[in-house]
2 protein chains.
Amino acid sequence: MNAKIPDPNTLTPSARRILETASTLFYEGGITAVGVDVIAERSGVTKRTLYNRFGSKDVLVATYLLNREMRWRHLVETAVSDPELTAIERVTAPFDALGEWVQQSPRGCAFINALAELPDPEHPAHRVAAEEKRWLCSLFERLANDAHITNPADLAKQLVCLHEGALAMRAALPEIDSVTIAKDTARYLIAAATTSSTNIRA
Amino acid sequence: MNAKIPDPNTLTPSARRILETASTLFYEGGITAVGVDVIAERSGVTKRTLYNRFGSKDVLVATYLLNREMRWRHLVETAVSDPELTAIERVTAPFDALGEWVQQSPRGCAFINALAELPDPEHPAHRVAAEEKRWLCSLFERLANDAHITNPADLAKQLVCLHEGALAMRAALPEIDSVTIAKDTARYLIAAATTSSTNIRA
DNA sequence: CGTAAGGTATACAGACCTGTGAATGCAAAG
DNA sequence: CTTTGCATTCACAGGTCTGTATACCTTACG
């Protein structure tokens with residue numbers, strides 16, 4: 001029932017083109033609304049080739065999300081590894097990455113969007129989406145830990161919420177600069193958590 | 001091109017049933033993925049009746065979102081009007097409402113989800129979604145103002161981000177109690193903004 | 001030279017999609 | 001009693017959807 005996802009790095013030239021076209025169309029037009037015919041046509045490829053390379057639309061969707069996750073992770077990892085940054089600044093670096101990212105992705109989080117369209121929890125999209133959020137959360141936790149912040153786990157969850165909220169708000173109300181707001185709020189929470197001040201009381 | 005949306009409060013019995021069925025199916029299965037045939041069948045109604053009442057699927061979708069927004073607004077307005085609450089507690093009351101809401105809506109924000117599926121900015125869904133976010137933002141601002149908080153506008157935007165993030169995270173990673181985290185964070189930000197402490201520095 | 005892999009081209013199956021047409025039953029309100 | 005509104009049944013149009021079948025071409029490589 002569930003074919004395996006091809007490695008986005010070892011694709012034939014046509015498969016590359018298909019994946020790139022599909023990525024754009026899926027993100028901009030929605031997964032369900034975009035048919036394989038359009039993807040094939042816009043890739044300069046026949047539908048047969050598409051199915052030869054990916055086997056099914058579901059696998060193509062999963063590859064799209066996986067590939068997108070890889071690109072996003074790479075961007076974030078580059079941002080947090082900037083040697084110019086202090087340990088504290090590193091914690092908010094993902095928000096800088098997000099600021100760049102949304103320039104080309106104003107329609108919200110592709111993983112959240114995919115979840116909205118694919119309710120079946122068995123669909124590989126759910127695994128990819130959940131994993132991405134978990135990854136971001138542990139990254140925040142690790143960075144907070146490296147910056148000697150009290151309660152890194154709690155702070156990480158707060159930052160992830162802010163992060164997701166900024167992405168969603170960007171899609172719904174672009175007139176609000178939600179990414180900057182989220183980053184400023186993150187900075188504030190971090191500063192508060194470093195100065196050994198009163199922490200959050202449940 | 002754009003038929004008008006019927007008032008969800010003055011519907012014939014059949015239309016009510018159609019709207020309720022559609023609401024469930026759209027939210028749980030995605031808007032594009034759910035066809036009018038299923039909606040009609042599950043409502044015990046013929047497709048013709050559906051089209052007599054709503055005119056098009058797009059209008060049905062818009063009515064679904066509008067009706068959902070009305071229910072959500074009502075829930076929030078009830079929560080913030082609780083006479084037991086102090087002015088400060090009122091500011092976080094929408095998060096309490098959210099906690100109840102997600103019990104029956106674990107699949108994220110219906111408006112954000114709709115935006116993900118309907119990229120056309122002319123679609124009425126965009127108006128409804130943007131308006132809902134704007135409404136929530138001004139509500140937060142008003143509540144913050146009533147609680148004599150410095151910079152109510154800034155705080156409101158932060159709270160909206162937290163709010164949306166909690167909703168999105170709930171859908172992606174239900175194992176994290178994101179609503180509680182968001183509410184606690186909100187309380188913290190509010191407390192910080194009331195004690196005339198250092199505010200956010202850009 | 002021979003073979004295999006990647007790709008092209010066209011057609012098709014079978015299901016589902018939104019939306020319409022035409023005729024009819026039924027009940028309440030004027 | 002008749003109009004009006006609501007709902008019904010059945011059939012259909014015209015597309016689009018995913019996925020497959022058949023047959024051919026081109027290039028690389030051993």
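If you're wondering where the values come from, they're calculated on a predicted model, not measured in any experiment.

With respect to spatial proximity, 17 residues lie near DNA strand C, and among them Ser14 of chain A together with Val36, Asp37, Lys47 and Lys57 of chain B are the closest. Here the atoms of DNA strand C within 4 Å of the protein split so that 55% fall in sugar or phosphate, with bases taking the remainder. Contacts to DNA strand C include Ser14 of chain A, whose side-chain N or O atom sits 2.7 Å from a phosphate oxygen. Between DNA strand C and Lys47 of chain B there is a distance of 2.4 Å, counted from a base oxygen to a side-chain nitrogen or oxygen. For the surface near DNA strand C, the secondary-structure elements that each account for two or more residues are α3 (47–54) of chain A together with α2 (36–42) and α3 (47–54) of chain B.

Another point: the confidence of the model for chain A. Mean pLDDT over chain A: 92, with 95% of residues reaching 70 or higher. Per-residue pLDDT stays below 50 along residues 197–202 of chain A; that stretch engages in 12 contacts with residues further than four places along the chain or on separate chains.

On to the packing of helix α1 (residues 13–29) of chain B against α3 of chain B. Residue and element names in this part refer to chain B. Two elements in contact, α1 and α3, have axes whose closest approach is 10 Å; the angle formed by their N-to-C orientations is 100°. When the axes of α1 and α3 are compared, the pair comes out roughly perpendicular. Contacts between α1 and α3 involve Ser14, Ala15, Ile18 and Leu19 from the first element and Thr49, Leu50, Arg53 and Phe54 from the second. Considering only residue class, the contact of α1 with α3 consists of 5 nonpolar, 2 polar and 1 charged.

Moving on, we get to the packing of aromatic side chains. All names here are of chain A. Taken as a whole and judged by the stated rule, the model has 6 aromatic pairs over all chains. Between the aromatic rings of Phe26 and Tyr64, the centroid separation amounts to 5.4 Å while the plane-to-plane angle is 55°, which identifies the pairing as tilted. Of this pair, Phe26 sits in helix α1 (residues 13–29) while Tyr64 sits in helix α4 (residues 57–80), and the two are 38 residues apart along the sequence. Tyr64 carries the same exposure label as Phe26, and that label is buried. The side chain of Arg68 reaches across the aromatic face of Tyr27, ending 4.1 Å from its centre.

Next up on the list: the relation of the copies chain A and chain B. Mapping chain A onto chain B calls for a rotation angle of 180° and an axial translation of 0.0 Å; the resulting RMSD is 0.1 Å. The symmetry that links the two subunits is that of a two-fold axis. Among all C-alpha atoms of chain A, that of Gly165 of chain A lies closest to the rotation axis, at 1.8 Å. Interface overlap between copies: 100% of the residues of chain A at the interface are likewise at the interface in chain B, consistent with a symmetric, same-surface contact.

Further remarks concern the interface of chain A and chain B. Listed per partner, the contact involves 45 residues of chain A and 45 residues of chain B. Our enumeration of links across chain A and chain B arrives at 2 salt bridges. Glu175 of chain A is the partner of Arg134 of chain B in a salt bridge, and the nearest nitrogen-oxygen pair spans 2.7 Å. Our enumeration of links across chain A and chain B arrives at 8 residue pairs in polar contact (both at pLDDT 80 or more). For the side of chain A that touches chain B, the secondary-structure elements that each account for two or more residues are α1, α6 (110–117), α7 (124–146), α8 (152–172) and α9 (178–194) of chain A. Among the elements that make up the side of chain A that touches chain B, the one with the highest residue count is α8 of chain A (12 residues).

Cut-offs used in this document
- Residues numbered from 1 in each chain as written.
- Chains lettered and ligands numbered in written order.
- Predicted model: local features only at pLDDT ≥ 70, side-chain atom pairs only at ≥ 80, totals over all residues.
- Heavy atoms only, no water.
- Near = heavy atom within 4 Å.
- Polar contact = N/O pair within 3.5 Å; in protein donor to acceptor, adjacent residues only side chain to side chain.
- Helix = DSSP H or I, 4+ residues; strand = E, 2+ residues; numbered from the N terminus.
- pLDDT = per-residue confidence, 0-100.
- Contact = heavy atoms within 4.5 Å.
- Axes fitted to C-alpha atoms, helices over the stretch in contact; angles between N-to-C directions.
- Parallel < 35°, antiparallel > 145°, perpendicular 65-115°, else oblique.
- Nonpolar A, V, L, I, M, F, W, Y, C, P; charged D, E, K, R; others polar.
- Phe/Tyr/Trp six-rings, centres within 6.5 Å; stacked < 30°, edge-to-face > 60°.
- Buried < 20%, exposed > 50% of the residue type's maximum accessible area, 1.4 Å probe, protein only.
- Lys NZ or Arg CZ within 6 Å of the ring centre and 35° of its normal.
- Least-squares fit on C-alpha atoms with pLDDT ≥ 70 in both.
- Salt bridge = Lys/Arg side-chain N within 4 Å of Asp/Glu carboxyl O.

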